[in-house]
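# Chain and residue survey
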Amino acid sequence: MRKSIEQFVAGEPLPAAKINSLVGSSEEVAIAAAREHNRSGLHIHMRFEFAIGVFVFDGSWALEFGDRMSLLSAGADWIEVAIDLSDAALVAPTTIGLIATTDWGEECVYDTPSVSGRTVTTKIYLRTSRRSPTGCMVIAVGRRRDE
Amino acid sequence: MTRLLDGIVGPNGKRLWVVSKQHITAQEANAICDWTQRVTRGLRREHSDDEAEMPGHHRRAFHAIGAFRFWMPTYGPSATFDGRVFSDSVLFGVRADQQPDLYTIVPDRTPGTSGRFQVKLGIQLPNDKYWVHVWGTPQLVANGYRYFRFDPSSRTQSSFVLEAWGNVLEAFRGQDQQQVVGVIYMETRPEL
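Thresholds, definitions, all that
Residues numbered from 1 in each chain as written. Chains lettered and ligands numbered in written order. Predicted model: local features only at pLDDT ≥ 70, side-chain atom pairs only at ≥ 80, totals over all residues. Helix = DSSP H or I, 4+ residues; strand = E, 2+ residues; numbered from the N terminus. Expected span 1.5 Å × (residues − 1). Buried ≥ 20, exposed ≤ 12 C-beta atoms within 10 Å, placed from the backbone. Arc of directions from axis to C-beta. Contact = placed C-beta atoms within 7 Å. Nonpolar A, V, L, I, M, F, W, Y, C, P; charged D, E, K, R; others polar. Pairing = 2+ DSSP bridges. Axes fitted to C-alpha atoms, helices over the stretch in contact; angles between N-to-C directions. Domains from an automatic or database assignment.

### Things to note about helix α1 (residues 16–34) of chain A
- An ideal rise of 1.5 Å per residue puts 27 Å on 19 residues; α1(A) measures up with 27 Å between its terminal C-alpha atoms.
- Among the residues making up α1(A), those that are buried are Ile19(A), Leu22(A), Val23(A), Ser26(A) and Ala30(A). Along the axis of α1(A), the buried residues cluster in a sector spanning 100°; they form a single face. Across α1(A) from its buried face, at more than 90 degrees, point the exposed residues Ala17(A) and Ala32(A).
- On the buried face of α1(A), the contacting elements are α1 (26–44) of chain B.

Below is the structure:
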């Protein structure tokens, strides 16, 4: 991509060539950005991950931080999570999966995700071969529509 | 079909070329300002625009902020190996061969704590809300397997504790060494 470092001098006429250089650069930025992003800035192609939630147990399970994921309910050895699809719907209800691991590094099993409108819900089972887990990281992978 | 982010355009949606010797008016200047605002607004949804945070850096938590390839320490009566972090490990875009103390493994050799070691960070993290996952597990070791535990309560902005465990002594003591990669996940996006 061409580098456009234009400087205008106060009190002097604004040369058309410099303005046009900016216009041309903006076009190049638009083309470059469009390879990976839609016009609102969201990634357009299938990303390996599109949502995450880190859940920590401190007397009860809570979402510590995340993106497009929230906690609906929890029990002793399970959490039910919601995944937000408001910015891009799934291509099909089956184009989503989860990678969920406890702090012990073991993967968790989960129910088949249920899609309702712009939300996906599923229950994740935090069973380990060791002591009870105190943390769980959940990553959602999937293919979403280009909107 | 994806619609492109528009470049500098006029009211008719077409590129606002200026003819030589034509006067530049507020229309051209405003179109440039408008484009800058649209680009900033669009790219900020998924990327940093802060010079200090590295412009273009993905803010989402599922884009890892760091990864370290390592061998765990060994434990037991005659163990002396303190572990090793490989030089291609990264944290916030800095490589371990650029900053040798980027990741430092400190084994906990307290009797009865085989497998536990602290990982010290050479760059302080913005806060202690992060997650470390060691990919490539379970590892197969002699007659068994090995996992790595990341204890969330051990987190600070400059260190955390990992613990190797498994179903045989070799898993805890670090025999049958295999390289693994620990990945740090952290949300670096401010409230939008």
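After presenting the structure, the write-up continues.
### Focus on the interface of chain B and chain A
- Of the residues lining the interface, 43 residues belong to chain B; the matching set on chain A comes to 39 residues.
- Put simply, the parts of the chain that give the side of chain B that touches chain A at least two residues each are α1, β7 (130–135) and β9 (144–150) of chain B.
- Tallied by class, the residues present in the side of chain B that touches chain A amount to 22 nonpolar, eight polar and 13 charged.

### Side note on the sheet that holds strand β2 (residues 61–67) of chain A
Residue and element names in this part refer to chain A.
- An order of β2-β1-β9-β5 is seen for the four strands of this open sheet, with the pairing classed as antiparallel. With one partner strand each, in any of the chains shown, β2 and β5 (96–102) form the two edges of the open sheet. When strand polarity is set aside, the average angle formed by the axes of neighbouring strands in this sheet is 20°.
- The pairing of β5 with strand β9 (residues 135–142) spans seven bridges and is antiparallel. Paired with Thr101 across the bridge in β9 is Met137.

### Points about the environment of Leu14(A)
- Residue placement: Leu14(A) occurs in the segment before α1.
- Owing to 17 C-beta atoms within 10 Å, Leu14(A) belongs among the partly exposed residues under this scheme.
- Not counting the four nearest positions on each side in its chain, Leu14(A) is found in contact with Phe8(A), Ile19(A) and Ile24(B).

### Side note on the pairing of β2(A)
Residue and element names in this part refer to chain A.
- In this structure, strand β1 (residues 51–57) lies alongside β2, joined through six bridges in antiparallel fashion. Residue Val56 lies in a different strand from β2, and its bridge partner there is Ala62.
- Connecting the antiparallel pair β1 and β2 is a turn made up of three residues, with Gly59 showing a positive phi of about 90°.

### As for α1(B)
- Look at α1(B): 27 Å from first C-alpha to last across 19 residues, which is about the 27 Å you get at 1.5 Å a residue.
- Turning to α1(B), the residues buried within the fold contact α1 of chain A.

### Concerning the sheet that holds strand β10 (residues 159–166) of chain B
Residue and element names in this part refer to chain B.
- Spatially, five strands are ordered β5-β6-β10-β9-β8 in an open sheet, and the strand pairing comes out antiparallel. Sheet topology places β5 (103–107) and β8 (139–141) at the edges, where each strand pairs with a single neighbour. Across the sheet, the mean angle from the axis of one strand to that of its neighbour is 30°, orientation sign disregarded.
- Note: β9 against β10, five bridges, orientation antiparallel. The partner of Phe148 across the bridge, within β10, is Ala164.

### Thoughts on the domain arrangement of chain B
- Segmentation of chain B into domains returns domain 1 (1–44) and domain 2 (66–186).
- When each unit is reduced to the centre of its C-alpha atoms, the spacing between domain 1 of chain B and domain 2 of chain B is 50 Å.

### A word on unusual backbone geometry
Residues and elements named next belong to chain B.
- Note that the residue after Thr137, namely Pro138, is joined by a cis bond; omega there is 5°.
- Structurally, Pro138 can be placed in the loop between β7 and β8.
- Even without being a glycine, Phe92 presents a positive backbone phi close to 50°.
- Mapped onto the fold, Phe92 is located in the loop between β3 (90–91) and β4 (94–95).
- Residue Asp176 is not a glycine yet carries a positive backbone phi of 55°.
- Assignment of secondary structure puts Asp176 in the loop between α2 (169–173) and β11 (180–186).
- Note on Asp176: 15 C-beta atoms within 10 Å, which makes it partly exposed.

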